[in-house]
Amino acid sequence: MDDTVAEGNETSVPEMDGGRASSPVALQNNSGFSNGNLTCLACGGEAVVGNVLRIAGVFRNPGVIATNATLVGNVFRNNALVGVIDGEEQVVMGGSSENLSMNFTPQEPGRYLVRAHVVYGGRMTPISEVSFQVKEKGTVPFLFPFVGAVLLVGVYAVVRWQRRNL
């Protein structure tokens, strides 16, 4: 017996005890789903080695029923695959849009590209891309408060010295 089922054909649904369901089920075209889409894919956060970056996009469910949707993607660094990431599954009501996101922590500097899509109701949206440059974590930004404090103390000392000597 051929186990493949084509859309629009009737089939019987097996029961737990190995028998057959009493009535056939017709598979409907689209079953209430329309083609969803992923827009506005973007990377948020400071693109520095070791920082968690948030890859987010907006998923639109133009269908009439709610569906579970998950943002998933492949991460490339300098054109080499370095990881596969996915976000948490969310319910997206029919006719509405939801922000979906996933996190990525780069381990090396370089040019990164994320190719992402949304998996929903047994379907996938077309692929969207976002790219960003990741820099090495430096110590210069951490020195700014220290340098600022030293300058403030220095200016205060000079002003005070001038007032005493006038």
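This is a predicted model, so every value here is computed, not measured.

Engineer: What exactly am I supposed to notice about the overall build of the chain here?
Structural biologist: Per the secondary structure count, the chain includes one helix and 11 strands. Ordering the α and β elements of the chain from the N terminus gives β-β-β-β-β-β-β-β-β-β-β-α. Residues classed as buried in the chain amount to 26% of the 166 residues present. Excluding contacts between residues fewer than 6 apart, the proportion of contacts in the chain whose partners are at least 24 apart in sequence is 57%. For the chain, the exposed surface amounts to about 11,200 Å²; the carbon and sulfur share of it is 55%.

Engineer: Is there a simple way to explain the packing of aromatic side chains in this structure?
Structural biologist: Under the defined criterion, the tally for this structure stands at three aromatic pairs. Here the aromatic rings of Phe-59 and Tyr-120 are separated by 5.0 Å at their centres, their planes lie at 50 degrees, and the arrangement is tilted. You can see Phe-59 sitting in strand β4 (residues 53-61) and its partner Tyr-120 sitting in strand β9 (residues 110-120), a full 61 residues away along the chain. For Tyr-120, a relative accessible area of 1% translates into the label buried. With 5.6 Å between their ring centres and 55 degrees between their planes, Phe-104 and Tyr-112 make a pair best called tilted. Given the relative accessible area of 10%, Phe-104 is considered buried.

Engineer: Looking at this structure, I do not really get the pattern of salt bridges. What am I missing?
Structural biologist: In the structure shown here, the tally under the stated rule is two salt bridges. For Glu-129, the salt bridge is made with Arg-115, and the minimal N-O distance between the two is 2.8 Å. One end of the pair, Glu-129, is in strand β11 (residues 128-134); the other, Arg-115, is in strand β9, with 14 residues separating them in the sequence.

Engineer: Quick question: what am I supposed to make of the pairing of β4 here?
Structural biologist: Remember that side chains alternate between the two faces of the sheet whenever the strand is regular. When strand β3 (residues 37-44) meets β4, the two strands line up antiparallel, connected through six bridges. Bridging from a neighbouring strand, Cys-43 pairs with Ile-55 of β4. Judged from the nine bridges that link them, β4 and strand β8 (residues 96-104) form a sheet pairing that is antiparallel. Across the sheet, Arg-54 pairs through a bridge with Asn-103, a residue of β8.

Reading the values: the criteria
- Position numbers for residues count from 1 along each chain, tracking the sequence in the order it is written.
- Selection of residues for local features in this predicted model requires a pLDDT of at least 70, selection of side-chain atom pairs for listing and counting requires 80 or more, and totals for whole chains, interfaces and linings are taken over all residues.
- With hydrogens and water set aside, each side-chain value is computed from the structure's full complement of heavy atoms.
- Strands here mean DSSP runs of E at least two residues long; helices mean DSSP runs of H or I at least four residues long; both are numbered from the N terminus.
- The buried label applies to any residue whose accessible area, calculated with a 1.4 Å probe on protein chains only, is under 20% of its type's maximum; exposed applies above 50%, and partly exposed to all values in between.
- A contact between two residues is defined here by any heavy atoms of the two lying within 4.5 Å.
- All accessible areas in this document rest on Shrake-Rupley with a 1.4 Å probe, and a residue is counted as covered only by the protein chains that are shown.
- Stacked, edge-to-face and tilted are the three classes for Phe, Tyr and Trp ring pairs, Trp counted by its six-membered ring, which pair at centre distances within 6.5 Å; planes under 30 degrees apart are stacked, over 60 edge-to-face, the rest tilted.
- A carboxyl oxygen of Asp or Glu within 4 Å of a side-chain nitrogen of Lys or Arg is what we treat as a salt bridge.
- Only strands that DSSP links by at least two bridges are regarded as paired with each other.

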